[in-house]
Amino acid sequence: MSTKAAEVRKRMAKARSERFREAREILDEVWRSLMGKTGLILIVFLVIVSIYALVSMPPNIVKLWNDPKAWEDNPSVVPPTWVSYFGTPVAPHVAKVLKPSQQGVYSSAMIENAVPVAGFVQVFSLDYRLDAKAFPQDIIAKIVDASANPVGGVQPIVTVYMIVKRPDGLVVMVNSPAPQPLKDIIAAGVIRLDPAQTAASLAAAFNISLTEAQAQPIRLLFGKLVGNRVEPLLGTYKIDLILMYGGVDPHSMEQAVKQGTSGIQSVKMIVKGSAYGLMGTDYVGHDLWLGLLFGFPAALAVGFFGAVTAALIGMIMGVISGYYGGWVDELIQRTVDVLGNIPLLPILVLIGVIVQEWNISPWARLFIIIGVLVLVSWGGLTIIVRSMVLSIKSEPYIEAAKAVGASNTRIMFRHIVPQILPYVFANLVFSVPAAILTEAGLSILGIRHGLPTWGAILSDAEAYVRSGGSYAVWWWILPPGILIGITSVAFVFLGLALETVVEPRLRRR
């Protein structure tokens, strides 16, 4: 018994060794061709970047991507920061968490930065240096650490002033201060520049009409009038956020802030620049670098899921059809005929529209759409595999296997499938870019699944341009298009190289 078991293990080891040798021969053949080498290198690159993306990105990136508030710190529709190396002037993007630069109790009304203040007052200050002839987009302040507890049983009332001191000495009020309960200010979380108030302040300062100032308040805030043009005013700007607390005893309020039981402890002051990050932003403020990075594993997952599933179904149905023949063959072939004549694109669009309405995860939406694609795309491989099986099943070793009583399942999967696997694998490689391109195409047609794939990023760019945006958003359009092209070319090159290896092997049989 032990001798027989050892003999079986020896045969299995020999079979594994033979398969490994064949696989290595195929890989060597692919590597010897320029296309095969290029395809392999590109695919290894895609896999490495995908692993890096999965490790480095926030685990909740999909949820963040679909939450506009998560991106409100970023400027919208701006190019990458590295454009400055090519001579494009860039206003820097600055975001700093600040503690109060000064705070205390003013015993009588005083002028602080041209603002009348009294009671307990906090000042948060940011210095912003503008060295290039470009304009920032906006100024906002976000509350980072705060507590809205009552002081002495009373909810504090806070008046917020946002002041900009320009390099030329002009002091501009850029918000509309109004007393509000502290809890409401903390609940809002963001203190914004008011374009109308800014325009009103600047119209008087520049002696221009309010209409002219309202047309470009931010440019006027960071600029100077030269004739009829507004040019950037270079230098250091000081941006102050002044909080004046009322409705409670100022000294009690001061103690509450020092003890951290009430009041605002820190804020994040943000001046949105004219460029951002490695790959710029879209109209929501999405960091496109993160979206493009997420696209790597998403593209490979979509491509492999679609291609592997369709190849497996096509291969199994082709083997069954060719091996059994008769009514089984007739049923499968007629099914393939029907599937081959179904208008795929309208059905995918219809399914996509329906799936968009379902309250399911973005990944589930995407794989339902790709699943429909798989269901109607396995027919072509089935026809080819069937013809190969018809030839293989007449080989003497198949007849010998039947004669010794081997089951149909064993013959199909032990003696026939290994013969057609190389061709199926080559077909699978060709199918990967088809699945990726289908996902991208559906996204551009407006079928949204909620994932930041390359197709979805391109779709957002198309929607932006269609709504009147500029065509000059090259950082938004070109990178996802180029990445889709590189991924497709990588698998097509590998498929072509495999084809030249696989076909001679099949012909020799």
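Model, not experiment: these values are computed from the prediction.

Caption draft 1: Focus on the overall build of the protein chain. Helices and strands together make up the secondary structure of the protein chain, namely 17 helices and 12 strands. Computed over its C-alpha atoms, the radius of gyration of the protein chain comes to 33 Å, more than 25% above the 23 Å expected for a compact globule of 509 residues. Once the C-alpha set of the protein chain is aligned to its principal axes, its extents read approximately 110 × 60 × 40 Å. Taken across its 509 residues, the protein chain has 46% of its residues classed as buried. Within the protein chain, counting contacts between residues at least 6 apart in sequence, those at least 24 apart form 76% of the total. Of the accessible surface of the protein chain, which amounts to about 25,000 Å², a share of 62% is contributed by carbon and sulfur atoms. Mean positive and mean negative side-chain charge positions of the protein chain (42 and 35 charges, respectively) differ by 10 Å.

Caption draft 2: A look at the packing of aromatic side chains. In the structure shown here, the tally under the stated rule is 17 aromatic pairs. Ring centres of tyrosine 464 and tryptophan 476 lie 5.1 Å apart, and the angle between their planes is 40 degrees; on these two criteria the pair is classed as tilted. Highlighted residues: tyrosine 464 in helix α16 (residues 454-466) and tryptophan 476 in helix α17 (residues 474-508), separated in sequence by 12 residues. On the basis of relative accessibility, which here comes to 0%, the residue tryptophan 476 falls in the buried class. Linked through ring pairs, Trp82, Phe86, Trp474 and Trp475 together constitute an aromatic cluster.

Caption draft 3: Quick peek at the environment of glycine 306. Along the chain, glycine 306 falls in helix α9 (residues 288-324). Taking the C-alpha atoms as reference, glycine 306 lies 10 Å from tryptophan 378; in sequence the two are 72 residues apart. For glycine 306, the residues in contact, after removing those within four places along its chain, are Ile370, Val374 and Ala435.

Caption draft 4: Spotlight on the side chain of threonine 198. With respect to the element layout, threonine 198 can be found in helix α5 (residues 195-206). For threonine 198, a relative accessible area of 0% puts it in the buried group.

Caption draft 5: Region of interest: the nonpolar core. Counting 73 residues, the largest nonpolar core has Val30, Val319 and Trp476 as the members making the most contacts within it. Considering each element in turn, this core owes the most residues, 16 residues, to α9. Those residues in contact with tryptophan 476 that lie beyond four places of it in its chain are Asp282, Tyr283, Leu288, Ile457, Asp460, Ala461 and Tyr464. Listed in part, the 49 residues of the second largest apolar core include Ile143, Met162, Leu193 and Leu202.

Caption draft 6: Here's a closer look at the pairing of strand β4 (residues 138-148). In this sheet, strand β12 (residues 262-272) lies alongside β4 in antiparallel orientation, the contact comprising 10 bridges. By the bridge assignment, isoleucine 140 is partnered in β12 with isoleucine 270. Sheet analysis places β4 next to strand β8 (residues 190-192), joined by three bridges and oriented antiparallel. Within β8, the residue paired with isoleucine 140 across the bridge is arginine 192.

Caption draft 7: Region of the structure containing the sheet that holds β12. Taken together, the four strands give an open sheet; going across it, the order is β1-β12-β4-β8, and neighbouring strands pair in antiparallel fashion. Because the sheet does not close on itself, it has two edges, and the strands there are β1 (94-98) and β8. The average angle at which neighbouring strand axes cross in this sheet is 20 degrees, direction not considered.

Caption draft 8: Seen up close, α16. In this model, α16 (13 residues) spans 18 Å end to end at C-alpha, consistent with the 18 Å of a helix rising 1.5 Å per residue. Of all the 13 residues making up α16, 10 are buried; the element is thus mostly covered by neighbouring parts of the structure. Taken residue by residue, α16 has Trp454, Gly455, Ala456, Ile457, Leu458, Ser459, Asp460, Ala461, Tyr464 and Val465 as its buried positions. Just past α16, the residue glycine 468 takes up positive phi, approximately 110 degrees.

Caption draft 9: Structural context of the side chain of histidine 286. Tracing the backbone shows histidine 286 in the loop between β12 and α9. Under the relative-accessibility criterion, histidine 286 is labelled buried at 5%. For histidine 286, the side chain forms a polar contact with the main-chain oxygen of tryptophan 65, separated by 2.7 Å. Aside from chain neighbours lying at most four places away, what touches histidine 286 is Trp65, Trp71, Gly280 and Thr281.

Caption draft 10: Representation of the packing of α9 against helix α13 (residues 379-392) in the model. Where α9 contacts α13, the axes come no closer than 7 Å and their chain directions differ by 40 degrees. Here α13 runs oblique to α9, going by the angle between their axes. Relative to α13, the crossing made by α9 is right-handed. Of the residues in α13, those touching α9 at Ala311, Ile313, Gly314, Met315, Met317, Gly318, Val319, Ser321, Gly322 and Tyr323 are Leu381, Thr382, Val385, Arg386, Val389 and Leu390. Among the residues making up the contact of α9 with α13, the classes are represented as 10 nonpolar, five polar and one charged.

Caption draft 11: Summary view of helix α8 (residues 250-259). Within α8 the residues assigned to the buried category are Met253, Glu254, Ala256 and Val257. End-on, the buried residues of α8 take up no more than an arc of 165 degrees, which puts them together on one face. Residues Lys258 and Gln259 are exposed on α8 and point more than 90 degrees away from its buried face. Just past α8, the residue glycine 260 takes up positive phi, approximately 75 degrees.

Caption draft 12: Region of interest: the environment of serine 33. Here serine 33 lies in the loop between α1 (2-32) and α2 (34-56). Taking the relative accessible area as the measure of exposure, serine 33 reaches 24% and is therefore partly exposed. Taking the C-alpha atoms as reference points, serine 33 and leucine 498, separated by 465 residues in sequence, lie 9.7 Å from one another.

Caption draft 13: Molecular detail of the environment of aspartate 337. Mapped onto the secondary structure, aspartate 337 falls in helix α10 (residues 326-340). Exposure remark for aspartate 337: the relative accessible area of 34% places this residue in the partly exposed category. When the C-alpha atoms of aspartate 337 and lysine 238 are compared, they prove to be 72 Å apart, with 99 residues separating the residues in sequence. Polar contacts involving the side chain of aspartate 337 include one to the side chain of arginine 334, which spans 2.8 Å.

Procedures and definitions
Residues numbered from 1 in each chain as written. Predicted model: local features only at pLDDT ≥ 70, side-chain atom pairs only at ≥ 80, totals over all residues. Heavy atoms only, no water. Helix = DSSP H or I, 4+ residues; strand = E, 2+ residues; numbered from the N terminus. Rg over C-alpha atoms; globule rule 2.2 N^0.38 Å. Buried < 20%, exposed > 50% of the residue type's maximum accessible area, 1.4 Å probe, protein only. Contact = heavy atoms within 4.5 Å. Areas by Shrake-Rupley, 256 points an atom, 1.4 Å probe, with all protein chains shown as cover. Lys, Arg positive; Asp, Glu negative; His and termini not counted. Charge placed at Lys NZ, Arg CZ, Asp CG, Glu CD. Phe/Tyr/Trp six-rings, centres within 6.5 Å; stacked < 30°, edge-to-face > 60°. Core = buried A, V, L, I, M, F, W, Y, C linked by side-chain atoms within 4.5 Å. Pairing = 2+ DSSP bridges. Axes fitted to C-alpha atoms, helices over the stretch in contact; angles between N-to-C directions. Expected span 1.5 Å × (residues − 1). Polar contact = N/O pair within 3.5 Å; in protein donor to acceptor, adjacent residues only side chain to side chain. Parallel < 35°, antiparallel > 145°, perpendicular 65-115°, else oblique. Left-handed = near helix turned anticlockwise from the far one by under 90°. Nonpolar A, V, L, I, M, F, W, Y, C, P; charged D, E, K, R; others polar. Arc of directions from axis to C-beta.

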